[in-house]
Amino acid sequence: MSGEGIYKVGLDIPAGEYNITSSGDLGYYAVLGTVDANETYGNIINNDNFEGNSFVSVADGQYLEIARASIGS
């Protein structure tokens, strides 16, 4: 799995813990409760700007937004 984007947990990716690696100086992730048709983000559950690696856990029905980073399990 790779790259930036918004992934729906349970549809695009399975629930679980992910290792996120920044692809430059500063990566970003957000765990979201909702995303509407216009990609308006709501209900930020957890987010972080990080260097190197970070770990995040997500549950079915949540969304995982990744920017300037890639994800793996």
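See above for the structure.
Described in the following lines is the structure provided in the data block. (Residues numbered from 1 in each chain as written. Predicted model: local features only at pLDDT ≥ 70, side-chain atom pairs only at ≥ 80, totals over all residues. Heavy atoms only, no water.)

Bringing the environment of proline 14 into the picture now. Its location among the elements puts proline 14 in the loop between strand 1 (5-8) and strand 2 (16-22). Those residues in contact with proline 14, other than ones at most four positions away along the chain, are Val9 and Val58. (Helix = DSSP H or I, 4+ residues; strand = E, 2+ residues; numbered from the N terminus. Contact = heavy atoms within 4.5 Å.)

When you tally the buried positions in strand 3 (residues 27-35), you get 7 out of 9 residues, the bulk of the element. Summarising the sheet, strand 3 and strand 6 (residues 63-67) pair through 5 bridges and their orientation is antiparallel. Bridge assignment links valine 31 to a residue of strand 6, and that residue is leucine 64. (Buried < 20%, exposed > 50% of the residue type's maximum accessible area, 1.4 Å probe, protein only. Pairing = 2+ DSSP bridges.)

Within this structure, the stated rule accounts for 1 aromatic pair. Both rings, one in tyrosine 29 and one in phenylalanine 50, keep their centres 6.1 Å apart while their planes meet at 50 degrees; by these two values the pair is tilted. Of this pair, tyrosine 29 sits in strand 3 while phenylalanine 50 is found in strand 4 (residues 41-50), placing the two residues 21 residues apart along the sequence. The exposure classification of tyrosine 29 matches that of phenylalanine 50, with both residues buried. (Phe/Tyr/Trp six-rings, centres within 6.5 Å; stacked < 30°, edge-to-face > 60°.)

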